[in-house]
Amino acid sequence: MSAPERMPAPEGPFPPTEEMLSEPVPQEEQERGKAELRAAWKTPEGWRYWSAVNNTEVGVWYALTAFAFMLIAGLLALAIRVQLAFPDSQFLDADRFNQFFTMHGSAMMFLFAVPMFEAISILLLPAFLGARDMPFPRLSAYGYWCFLIGGIFVLGSLLFDAGPKAGWFMYPPLATKEEGIGPDVWLLGLSFIEVASIAAAVELIVGALKCRPPGMRVNIMPLYAWYVLVVGGMILFAFPPLIAGDFLFELERSFDWPFFDPTRGGDPVLWQHLFWIFGHPEVYIVFLPSIAIAAMIVPTVARRPIVGYSWIVLSAVGTGFLSFGLWVHHMFTTGLPQMSLAFFSAASEAVVIPTGIQLFAFVATLMVGRVKMSLPMLWIAGALAIFVAGGLTGVMLALVPFNWQVHDTYFIVAHLHYTLFGGMVFPVIAGVYYFFPFFRKKLLSERLGRWCFWLVFTGFNVTFLPMHMTGLMGMPRRIFTYPESSGWGWLNLISSVGAFIVAAGFAVFLYDLLRPKHRQPQIPRNPWGAGTLEFSHDVPEEAWGVRSIPHVTTRYPLWEQDRIVERMDAGHYYLPNAPDRKRETIVTSVIDGKPLYVQEVTGPTWITILAAVFTGGAFIFPTFHIYTPAIVCGAFAIVCVLWWLWTSTARPPKNDMREAGLGLRLPTYASGPNAVGWWAIWITMLGDATAFASLVFGYFFYWTARPDFPPPDAAHPEGLWAALTAALLVLAWAAIVTARETNGRGHQGVARGSIALAICAAAGGAGSAWLAVADLSPTSHVYPAMLWALMVWLVAHVAAGVVMQGYCLAGSLFGKLTHKYDADLRNVTLFWHFIALKALVVGAILGLAPMVLS
């Protein structure tokens, strides 16, 4: 067989020498490059503005929407505090109170905390890295529109008195037996939003790994990028167990499959495991990005590089890793074995070590620097004080006897808010004051900022400090009123007064944020004297991100690389022009930042909004048990995504190479591990595999926790069909691998035949999987229900794999996929590696496990 044809490699000198960088760029060439970039990156105007996909537009929409949702959640909190201010109050009835506290927690966690991190990262990460944009701008836009639609749907349920009311953790059987659509709104609405969260996480991870500027090795990239990597990875592994739990939960709600019904073999504790495997890392998903903001502000304030860069990175990774080992401390009162209690108690205390290292590194930087106190630093100082107090009560709660004593009391409410306000809200506000000059080219008011700080700081402590005492006096959480004889009245009144002081602080912040600033003179380009690339931005604003993509060799290039901003502005560096009027950025290698190729970045489009609307329909209609329109919406959503991919991704380029600047010529196309699309598939499938592993965990959880799993007289799947399922799906995988190899060698006829064979084998495998469990009744007991759930999960993924195979076959027939430009086929092959693994696992559970269990 002939050798596969390769794309050309980069040509020319790298890294650039000082002589090359010192060579002047003619003024005429500078102006021509600016004009080309301006045309390529022009922001749509008028009503077309909403078709924009730039990170600078989508990031701002995302942040403002998350902030608006937070304000709504704050108003719900105020109503709760009014209700609890006095004993026997009737301001809210019990039903509405339950809806309000459920939605307050859900909105704060799902509609504010995580989305705000992703919004800020989408907005800032390209600037930190000196990149033009994120690698998949349309994915960012799609995620944003999903988030907006899902958030409005979930919060809007309150207007119709149909909100969920079982708490933000939705424990069964309370939630599974709840009448009305409230639990369905929570499950399907927030699952829809989780799509947006995972999409953003994939984009951020790929962006941090592959879109760094030439020369920026991983050990010199900004700490914020490290935190993005850690938190993106945590989202990828934390959200899928919740999605798996939602999947089981909704199957029980809609079809009466008894996963959490003890009378038919189910167990509510499984939901608690799946929820808290997500829920506890969620706290660190919220906390670590805020530490990242502090890690960018502290060196600027101290006017020196951060102390202990490597230790901070290792500690962030360690915190993320340990956070997955702590979920059981939310379940100390569920009757777990003593061994489990001891292990998870120790693990909960151990997480203090990496967290403490990060905080001590900040303190050390301030001690050895020349601190210039600024408004952002004031908020960071407040954050450290509050978070440390919350961390200390966290250590107390890690101790099993104390945890038992205060479980489900207001002590937990106080701890939770000290951790989240100190670990998230204060640093985010610090970040808004610090980065506002970057994204709006204006400064917020120093005087109003200090008023806001002292109101929020004082009000917060007046609200939540007394709650420790309220909890120790025995007041349980989630009660809508209490008798006067309890003695909790005066403490609750103080907390309610404090809540309104906090609200006054946020009103000042909101006014400062929104007030007109057109009379403010032009601000300095780098008003804080920062050392990182985001403050090389253009003032007045240009939409191209950076004028030219710099060669970066230090952690603080604005401090440590002579004339870097001047050279960027003059177009000395890479991609200083856009001769084809296309949006482009440079993709580099993961470890050492060597330039690999020029990635064409997609531009404005309406298709992302259409795809999000149809995706919303696929999730929202089932809330009302209307399934036909949901299926139609799902089909249209798939068509939108296919059209979007077909018309704008992995298309054969007009020229194989492009002059990138400084004598360097780079390819304009990549496939396999060099390509950003391949990394996106790989990362997405890791998350998907985690969700699948959560279902498998559920199967073995029942096996170990329930003596009647399977019941003695249970019917089992047909072993022959189970074996055929695994065999046909492995054949489909082998055929697609063969298609990839033969296509690369120019045998396109054989490749097309292999893809067709793969489609047939996959369809046969899906049919066999259904036949294996067809005779089992999933409503009779959790054993057949679990087998059906695994089958449904596998078949849904096989269906997606068949669509992908068909896409590749069409691409081969119509010239989008050739022996040289084969990124689509390589990406689909990667997807099928995971399908084959799942097929083997499901085949073993359906065909072999019954022999062991019997």
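The notes below deal with the structure included here. Everything numeric here is computed off the predicted structure, so don't read it as measured data. (Residues numbered from 1 in each chain as written. Predicted model: local features only at pLDDT ≥ 70, side-chain atom pairs only at ≥ 80, totals over all residues. Heavy atoms only, no water.)

### Notes on the overall build of the protein
- Along the protein, the regular secondary structure elements total 26 helices and 4 strands.
- Along the first, second and third principal axes, the C-alpha set of the protein runs to 85 × 75 × 50 Å.
- Taken across its 854 residues, the protein has 60% of its residues classed as buried.
- Considering only intrachain contacts with a sequence separation of at least 6, the fraction spanning at least 24 residues in the protein is 81%. (Helix = DSSP H or I, 4+ residues; strand = E, 2+ residues; numbered from the N terminus. Buried < 20%, exposed > 50% of the residue type's maximum accessible area, 1.4 Å probe, protein only. Contact = heavy atoms within 4.5 Å.)

### With respect to helix α2 (residues 27-40)
- End to end, α2 covers 20 Å across 14 residues, agreeing with the expected 20 Å (1.5 Å per residue, within 8%).
- Taken together, the buried positions of α2 are Q30, G33, E36, L37 and A40. Projected down its long axis, α2 shows its buried positions confined to an angular sector of 130°, all on one face.
- As for α2, its buried residues are in contact with α18 (564-570). (Expected span 1.5 Å × (residues − 1). Arc of directions from axis to C-beta.)

### Some details on the packing of helix α4 (residues 94-129) against helix α8 (residues 268-302)
- Where α4 contacts α8, the two axes come as close as 11 Å, and the packing angle between them is 35°. Considering the relative orientation of α4 and α8, their crossing is left-handed. Residues M109, F110, A113, V114, F117, I120 and F128 of α4 form the contact with α8, whose participating residues are F278, E282, I285, V286, P289, I293 and M296.
- A breakdown of the residues in the contact of α4 with α8 according to their chemical character gives 13 nonpolar, no polar and 1 charged. (Axes fitted to C-alpha atoms, helices over the stretch in contact; angles between N-to-C directions. Left-handed = near helix turned anticlockwise from the far one by under 90°. Nonpolar A, V, L, I, M, F, W, Y, C, P; charged D, E, K, R; others polar.)

### Topic: the pairing of strand β4 (residues 664-667)
- In terms of strand pairing, strand β3 (residues 657-661) meets β4 through 4 bridges, oriented antiparallel. Bridge pairing in β4 links G661 to L664.
- Joining the antiparallel neighbours β3 and β4 is a turn of 2 residues, in which L662 adopts a positive phi near 55°. (Pairing = 2+ DSSP bridges.)

### What to know about the side chain of E584
- Mapped onto the elements of the fold, E584 is located in strand β1 (residues 584-588).
- Excluding its chain neighbours within four sequence positions, the residues that come into contact with E584 are W41, R132, L575, N577, V598, Q599, E600, V601 and R658.

### A word on the packing of helix α12 (residues 375-398) against helix α15 (residues 446-472)
- The interhelical angle for the contact between α12 and α15, taken along N-to-C directions, is 10°, at an axis separation of 10 Å. Relative to α15, α12 is oriented roughly parallel. Judged by residue contacts, L375, L378, W379, G382, I386 and T393 of α12 engage E446, G449, R450, C452, F453, V456, F457, F460, N461 and H468 from α15.
- For the contact of α12 with α15, the class distribution of residues is 9 nonpolar, 5 polar and 2 charged. (Parallel < 35°, antiparallel > 145°, perpendicular 65-115°, else oblique.)

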